[in-house]
Amino acid sequence: MCSHSLSSTSSPAGADHNASDAVGTATFGADDAAQAPASAPVTQWLHAHDAVAAAPERCAEIDLGALAANVARIRQQVGQAHIMAIVKAQAYGHGAIECARAALDAGATWVGTAHVSEALELRAAGIEAPMVCWLHTSDTDFEAAVAQGIDVGVSGWELDPMIEAARAVGRTARIHLKIDTGLGRNGCTAAEWPHLVERAAAAERAGDIRVVGVFSHFAMADEPEHPANDVQTQAFEDALAVVADAGLKPEVRHIANTPATFTRPDAIYDMVRVGLGLYGLSPFEGVSSAELGLRPVMRLVAHVAAAKRVDAGQGVSYGLRWRAEKPTTLGLVPVGYADGIPRIAEGTHVTIDSVRYPVVGRIAMDQFVIDLGAAADPAEFVGKDTVVFGDPAHGEPGVEEWAGAAHTINYETVTGISDRVPRRMIPASRADDSSLSLTIPTPAAMQSFARTLATELQAGDVLILTGELGAGKTTFTQGLGEGLGVREGITSPTFVLSRIHPSLSEGPALVHVDAYRLGSAEELEDLDLIDTVDESVTVVEWGRDRAEGLSESRLEITLDRPIGGNTAAQPDSEAPAPWEVEDEEEAAAPRIVTLRWIGPRWNEAATTGLRAALAEFTDTVKEG
């Protein structure tokens, strides 16, 4: 959230405050640091201006732990191939320097930008990983690129300036030759390719350049069945043959972007270039991030600036395109198109305390209005956090909802969040200290995992279980029940909301809850779970942002399946098929389980035992 416990500090003396650099920072102030728990992560604010308010009315939270998890997911997809983290355009609006560092720490090996100037900023920040940039003009500072060991994409005309830059600097230039296989932007044509390759080979023999890579770019990879993908792959193969005939031996061949990484194993080659997927968003229409095993990294939050009751007939915003049909309460959210919220995005929603509220009226430059409903008390809403978009797996609006309303794509929406919105960097170390991720290969292994977890549980433990339909929630809970030794017959509690499975021994009962159809934490409290929680192990499906009040401690367990298919947003069956899906390919696909432990119950001794038990389980799975 846009934490009120943060205070501003000025930037270091002599810091360069360019609008494109996002260099203003704020961290815990001295008083706050003294009061904060030792394990609390230091949260960094990035902003384009010198001063950042102690409690900004808007912020974009950037979860670097989610970014690291996305890199791990891509690693599963590509095996030993290099991963290039694309951080152009301030990492699609997320913050280039911090995202580049987090991606490299998580296992990415290269960094990619569009412009040399962007790459130079990363070098100035101390990032030494191999990096390549590919969009140049006659004013591009090629000498600086050569001096800083930055690889440059060459489509044709850039070769001579790179040779000249290498001679001026006295250092061999590193280049990647680009072939246009069909996208029609930069890249050498097939007709000119042999000539360019021969010129590059001659320059390499002369010691002026080193052809480090050969690359291209797909035009239709987000439509996996489009025939252009096969045409481009073959054209790339043909181009590589010309390179080999010229005696060149590039280190990396790369054509796959995020969509091709997931759909074209034949296009992985030596390296993939991951942009959108790095930030946890799906490039495919109708396929969610969760289906790809990705977690959205940006969460846009703003405080409610004002709220008031209005009469029926009250119009809202310019043009009065919306009028209240009956008396209601309106809330004012202080972000608008100057902050990157598209003016034409109507019919969208936000969430406050996990409840969805419609956006009404036209988006203005600095603000928009939401309908809080007739029963809302204005005084209770002022100052509350409004989630404009975040992770749909947590019940929040996805950036795709806003993109769809604006007739654009998720790429543009996150990249367009302006530098007026501070970026709050949530360190990946938070996840490292209090969570772990495992890959579960089969339904049987999922049940074995849950049985292992059960040995570390005790009465009073609360588990919040998240995962879309088909992720394996019921399979997990069945294994947990077996491990706890409770009565059999565990199925989804969809239609009864809550079931109690008594212990067949002296252990705790298992309380199995489905919170999907519950709109708020208050509705969950109406189930009277507080009467059973102390004597039971309570599992709450779809319980994030609803079940936290059951206990001051909890285990949050997220189940992700890497590939997509039938992903109805609403469970509609109690039949526990394997992985809860019927598609054979999906039933055979692994699941990624992420555990996060919160609260005093999960102290050092408890988490050490938990990690040890799960490490033993992992070893058993590997041996099996």
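Residues numbered from 1 in each chain as written. Predicted model: local features only at pLDDT ≥ 70, side-chain atom pairs only at ≥ 80, totals over all residues. Heavy atoms only, no water.

A. Representation of the side chain of Ser-536 within the structure. Tracing the backbone shows Ser-536 in strand 25 (residues 536-541). A polar side-chain atom of Ser-536 sits 3.0 Å from the main-chain carbonyl oxygen of Thr-532. Residues contacting Ser-536, with those up to four places away along its chain left out, are Gln-458, Ala-459, Gly-460, Asp-461, Pro-508, Ala-509 and Val-511. (Helix = DSSP H or I, 4+ residues; strand = E, 2+ residues; numbered from the N terminus. Polar contact = N/O pair within 3.5 Å; in protein donor to acceptor, adjacent residues only side chain to side chain. Contact = heavy atoms within 4.5 Å.)

B. A look at the pairing of strand 7 (residues 173-178). Most of strand 7 is tucked away: five of the six residues are buried. Considered for its hand, the β-α-β crossover made up of strand 6 (residues 151-154), helix 7 (residues 159-169) and strand 7 is right-handed. The pairing of strand 7 with strand 8 (residues 209-215) spans six bridges and is classified as parallel. Among the inter-strand pairings, Lys-178 is bridged to a residue of strand 8, identified as Phe-215. (Buried < 20%, exposed > 50% of the residue type's maximum accessible area, 1.4 Å probe, protein only. Right-handed = clockwise from strand over helix to strand, strands pointing away. Pairing = 2+ DSSP bridges.)

C. Examining the packing of helix 7 against helix 8 (residues 193-205) more closely. Two elements in contact, helix 7 and helix 8, have axes separated by 11 Å at closest approach and are oriented at 5 degrees. When the interaxial angle is binned, helix 7 and helix 8 end up roughly parallel. Contacts between helix 7 and helix 8 involve Leu-159, Asp-160 and Ile-163 from the former and Leu-196, Arg-199, Ala-200 and Ala-203 from the latter. Across the contact of helix 7 with helix 8, the residue classes tally to five nonpolar, no polar and two charged. (Axes fitted to C-alpha atoms, helices over the stretch in contact; angles between N-to-C directions. Parallel < 35°, antiparallel > 145°, perpendicular 65-115°, else oblique. Nonpolar A, V, L, I, M, F, W, Y, C, P; charged D, E, K, R; others polar.)

D. Representation of unusual backbone geometry in the model. Non-glycine residue Gln-90 carries a positive phi angle of around 50 degrees. Within the secondary structure, Gln-90 sits in helix 3 (residues 88-93). In this structure Gln-90 comes out as partly exposed when scored by relative accessible area, which is 23%. A positive phi angle, near 50 degrees, is found at Leu-320, a position not held by glycine.

E. Broad picture of the pattern of salt bridges. As enumerated under the stated definition, the model contains 24 salt bridges in all. Arg-295 is the salt-bridge partner of Asp-63, the closest N and O atoms lying 3.7 Å from each other. Highlighted residues: Asp-63 in strand 2 (residues 58-63) and Arg-295 in the loop between strand 10 (271-274) and strand 11 (298-303), separated in sequence by 232 residues. A salt bridge links Asp-461 to Arg-601, with the nearest nitrogen and oxygen atoms 2.7 Å apart. On the criterion of sequence distance, the pair formed by Asp-461 in the loop between helix 15 (443-454) and strand 22 (462-466) and Arg-601 in the loop between strand 27 (591-598) and helix 19 (604-623) is long-range, its members being 140 residues apart. Per residue, the accessibility class of Asp-461 equals that of Arg-601, and both read buried. (Salt bridge = Lys/Arg side-chain N within 4 Å of Asp/Glu carboxyl O.)

F. Here's a closer look at helix 16 (residues 473-484). Between the first and last C-alpha of helix 16 there are 16 Å, a value that for 12 residues agrees with the 16 Å anticipated at 1.5 Å per step. Most of helix 16 sits inside the fold, with nine of its 12 residues counted as buried. If you follow the buried residues of helix 16, they end up packed against helix 15, strand 22, strand 24 (509-514), strand 25 and strand 26 (554-560). Where helix 16 ends, the next residue or the one after it, Gly-485, has phi of about 75 degrees, a positive value. (Expected span 1.5 Å × (residues − 1).)

G. Looking closely at the packing of aromatic side chains. The final tally for this structure, using the stated rule, is eight aromatic pairs. Judged by centre distance (6.4 Å) and plane angle (35 degrees), the rings of Tyr-92 and Tyr-411 are tilted. Note that Tyr-92 is positioned in helix 3 and Tyr-411 in helix 13 (residues 410-415), a separation of 319 residues in sequence. Ring geometry for Phe-449 versus Phe-476: centroids 5.9 Å apart, planes at 45 degrees, classification tilted. Of this pair, Phe-449 sits in helix 15 while Phe-476 sits in helix 16, and the two are 27 residues apart along the sequence. (Phe/Tyr/Trp six-rings, centres within 6.5 Å; stacked < 30°, edge-to-face > 60°.)

H. Structural view of the pairing of strand 6. Here strand 6 shows two buried faces, one formed by Asp-151 and Gly-153 and the other by Val-152 and Val-154. By the bridge criterion, two bridges tie strand 5 (residues 131-133) to strand 6 in an arrangement that is parallel. Within strand 6, the residue paired with Val-132 across the bridge is Asp-151. Between strand 5 and its parallel partner strand 6, the chain crosses via helix 6 (residues 142-147), and the hand of that crossover is right-handed. Where strand 6 meets strand 7, three bridges bridge the pair, whose relative direction is parallel. Following the sheet pairing, Gly-153 is matched in strand 7 by His-176.

I. Local environment of the nonpolar core. Core analysis: the biggest nonpolar cluster contains 117 residues, and Leu-67, Leu-177, Trp-193, Ile-209, Phe-368, Phe-389 and Trp-402 have the highest contact counts within it. Counting residues in each nonpolar core, the second largest holds 32 residues, with Ala-454, Leu-484, Trp-597 and Ala-606 among its members. (Core = buried A, V, L, I, M, F, W, Y, C linked by side-chain atoms within 4.5 Å.)

J. Quick peek at the sheet that holds strand 9 (residues 252-254). Spatial ordering of the open sheet is given by 9-8-7-6-5-4-3-10, a layout of eight strands whose pairing is parallel. This sheet does not close on itself; its edge strands, each paired only once, are strand 9 and strand 10. Going from strand to strand, the sheet's axes swing by 30 degrees on average, the running direction of each strand aside. Against the sheet, helix 2 (residues 64-78) contacts strand 3 (82-86) and strand 10, and its axis sits at roughly 140 degrees relative to strand 3. Sheet contacts for helix 8: strand 6, strand 7 and strand 8; angle to strand 8, the most-contacted strand, approximately 145 degrees.

K. Region of the structure containing the environment of Ile-268. Mapped onto the secondary structure, Ile-268 falls in the loop between helix 10 (258-263) and strand 10. On the basis of relative accessible area, Ile-268 is assigned to the buried category, the value being 10%. Separated by 14 residues in sequence, Ile-268 and His-254 place their C-alpha atoms 7.0 Å apart. Ignoring anything within four residues of it in the chain, the contact list for Ile-268 reads Gln-77, Val-78, Ala-81 and Arg-253.

L. Looking closely at the side chain of Ser-553. Structurally, Ser-553 is set in the loop between strand 25 and strand 26. Looking at Ser-553, the relative accessible area reads 7%, which means it is buried. Engagement of the side chain of Ser-553 in a polar contact is seen with the backbone nitrogen of Arg-601, the distance being 2.9 Å. If near-sequence neighbours (up to four positions away) are discounted, Ser-553 is found in contact with Val-462, Ile-598, Gly-599, Pro-600, Arg-601 and Trp-602.

M. Highlighting the environment of Asn-70. Structurally, Asn-70 can be placed in helix 2. Judged by relative accessible area, which is 0%, Asn-70 ranks as buried. Taking the C-alpha atoms as reference points, Asn-70 and Leu-294, 224 residues apart in sequence, are found 5.4 Å from one another. Those residues in contact with Asn-70 that lie beyond four places of it in its chain are Gly-277, Leu-278, Tyr-279, Gly-280, Leu-294, Arg-295 and Val-297.

No statement about biological role is implied by the geometric values presented.
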